[in-house]
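Coordinate inspection notes
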Amino acid sequence: MTINAQSKSHSSPAVEFKSSTFSVPVLSLASNDLVLIEQSLSEKVKLAPEFFKHSPVIIDLSEVNKKQLVIDFGNLVTSVRKADLFVIGVRGGTEQQHQDAIDLGIPVNTSQSNVEAKPENTKNSKSIKAPADDEVSENESTTVMITKPIRSGQRVYSHGDLIVLAQVGAGAEILAEGNIHVYGSLRGRALAGVQGNTEARIFCSDLQAELISIAGNYKISDDIQGAISNTPIQIYLQKNTLVIKPIV
Amino acid sequence: MARIIVVTSGKGGVGKTTTSAAISMGLAKKGHKTVVIDFDVGLRNLDLIMGCERRVVYDIINVINGEASLNQALIRDKNCNLLSILPASQTRNKDALTQEGVGKILEELAKDFKYIVCDSPAGIEQGAHLAMYFADDAFVVTNPEVSSVRDSDRMLGLLSSKSRRAERGEEPIKEYLLLSRYSPERVKSGEMLSLDDVQEILSLHLLGVIPESKSVLTSSNSGMPVILDEKSDAGQAYADIVARYLGENKPHRFIDDKSGFFRKLFGGK
């Protein structure tokens, strides 16, 4: 029942290009202290080892560069690798950092406006990012509506909003680039704004979720304990923190 | 039009084979020509519970491989001549089942029988997949216990996405809940999930509650489907289930402790 990437392929016998979208965490750096970075990374990973295991990440260097902190990209990748994360892209870096990334075989992501990127780099990053962008714009306003229970093990993806009129079972996963509304019990995982939309919200009438996430900021059920189940609530992002609040 | 019923659960040991034996016997007793197929290749049990293990000559794998005809492999039940059994193979493994082979067998059986009951193996591998792939109705057997409920939920997900009806975009499989090994006393004392707890997670159409009963084990061991034991509570529960499935309106029983009190009072089993 996965409602996922449609193929827009030019049929070819050996290979086929398919457009598909992925939700990838972006690691935003606020410091250039590698020891500190390693430390906080391993703490984060410990919180949800399964979630992070071999997870791909994109490194966002815009914050450190704004503060004009110097960081060596090669060493940074080694540090991130120690936390068992795979760097699959970089954005917001300087020309030198982007060149280092290319040399390491890591694509440069230019979806954020980045004047410094060379045309050559743009081409490189397109191979990963461009199809996804295409699809988003095409299906910008698609809302997916599900009227039947989403069972354990099922995944539903929406390019826009996602409305579920039944329950979401434990072990199920619902993802939307926009908002998520669940009118039954939400027991599985709900990820809104998976393409980075920090304005996305999750609305549900009975929160018992295993995990909730907006634009990559997430909470697992241990963290949401104490939040009231069986009450209509909304979840939104405020200063990079998830806020769980009853709808009055 | 034959109706294909899959008896499934995901989890093992919840009563799939007991249920398959009971409802197929029940349907046949009501006058419908029924066949029950054991999909648990490698661990065949159904013939034991149906009491026909000594009459197994050919099995479903022989039929798929063209080593025997369907009529040679089908075993006529000795209690009810409207009921036939297609046993599983003890010596092969589940990979011997092919979608094409199973499809062909079901097509052929559909010409002759009114109901085809598929006894699914536990798990979600090939055997379980093929047992449910062609189904029209699914009897989801669940125990009032968290892991069983979770596995049933997973199975329901597969029923709605990996079946032939789902792939062809036809009307989805009709799903029914059979809550087995239910003990109102233990629910009361908080040891067991209640019917409401289970329904909160699965929200399915309840076909019936089968109480935990000694008669299930004695019937299985003697090779008589429990539904033939009309005095036992489990036998009555299965009779109700068959009647409800066929559209009769029967109130649900064995959910509350009350019946237990009367049972004790009158010394029934």
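Presented here is an overview of the structure given in this document. In this text the structure is predicted, and so the values were computed from the model without any measurement.

The next thing to look at is the overall build of chain A. Looking only at helices and strands, chain A features seven helices and 14 strands. Within chain A, the fraction of its 248 residues that count as buried is 42%. Pairs at least 24 apart in sequence give 37% of the contacts found in chain A among residues at least 6 apart.

Let us now look at the overall build of chain B. Looking only at helices and strands, chain B features 13 helices and eight strands. Across the 269 residues of chain B, 56% fall into the buried class. Put simply, of all contacts in chain B between residues at least 6 apart along the chain, 73% involve residues at least 24 apart. Accessible surface for chain B amounts to roughly 12000 Å². Of this, 49% is attributable to carbon and sulfur atoms.

Glancing now at the pattern of salt bridges. All names here are of chain B. A complete count under the given rule lists 18 salt bridges over all chains for this structure. Residue K30 pairs with E248 through a salt bridge whose shortest N-O separation is 2.9 Å. Of this pair, K30 sits in the loop between α1 (16-29) and β2 (34-38) while E248 sits in the loop between α12 (233-245) and α13 (258-266), and the two are 218 residues apart along the sequence. In this structure K30 comes out as partly exposed when scored by relative accessible area, which is 41%. Here E248 falls in the partly exposed class, since its relative accessible area comes to 35%.

Residue and element names in this part refer to chain B. Ranked by internal contacts, the top residues of the largest apolar core, which has 50 residues, are I60, L97, L109 and I116. Here the element with the most residues in this core is helix α7 (residues 146-161); it accounts for five residues. Aside from chain neighbours lying at most four places away, what touches L97 is F39, V41, I60, I61, I64, V102, Q126, G127 and L130.

What follows covers the packing of helix α1 (residues 34-47) of chain A against helix α4 (residues 73-82) of chain A. Residues and elements named next belong to chain A. Direction vectors running N to C along α1 and α4 enclose 25 degrees, while the axes themselves pass 9 Å from each other. One way to sum up the angle between α1 and α4 is to call them roughly parallel. As α1 packs across α4, the resulting crossing turns out to be right-handed. Touching L34, I37, E38 and L41 of α1 are N75, L76, S79, V80 and K82, all from α4. Classifying every residue of the contact of α1 with α4 by side-chain character gives five nonpolar, two polar and two charged.

Residue and element names in this part refer to chain A. For A215, which is not a glycine, the phi torsion comes out positive at approximately 50 degrees. Tracing the backbone shows A215 in the loop between β11 (211-214) and β12 (217-220). Positive phi, normally seen in glycine, also occurs at N240, with a value near 65 degrees. Residue N240 is classed as exposed on the basis of its relative accessible area of 60%.

How each quantity is defined
- Residues numbered from 1 in each chain as written.
- Chains lettered and ligands numbered in written order.
- Predicted model: local features only at pLDDT ≥ 70, side-chain atom pairs only at ≥ 80, totals over all residues.
- Heavy atoms only, no water.
- Helix = DSSP H or I, 4+ residues; strand = E, 2+ residues; numbered from the N terminus.
- Buried < 20%, exposed > 50% of the residue type's maximum accessible area, 1.4 Å probe, protein only.
- Contact = heavy atoms within 4.5 Å.
- Areas by Shrake-Rupley, 256 points an atom, 1.4 Å probe, with all protein chains shown as cover.
- Salt bridge = Lys/Arg side-chain N within 4 Å of Asp/Glu carboxyl O.
- Core = buried A, V, L, I, M, F, W, Y, C linked by side-chain atoms within 4.5 Å.
- Axes fitted to C-alpha atoms, helices over the stretch in contact; angles between N-to-C directions.
- Parallel < 35°, antiparallel > 145°, perpendicular 65-115°, else oblique.
- Left-handed = near helix turned anticlockwise from the far one by under 90°.
- Nonpolar A, V, L, I, M, F, W, Y, C, P; charged D, E, K, R; others polar.

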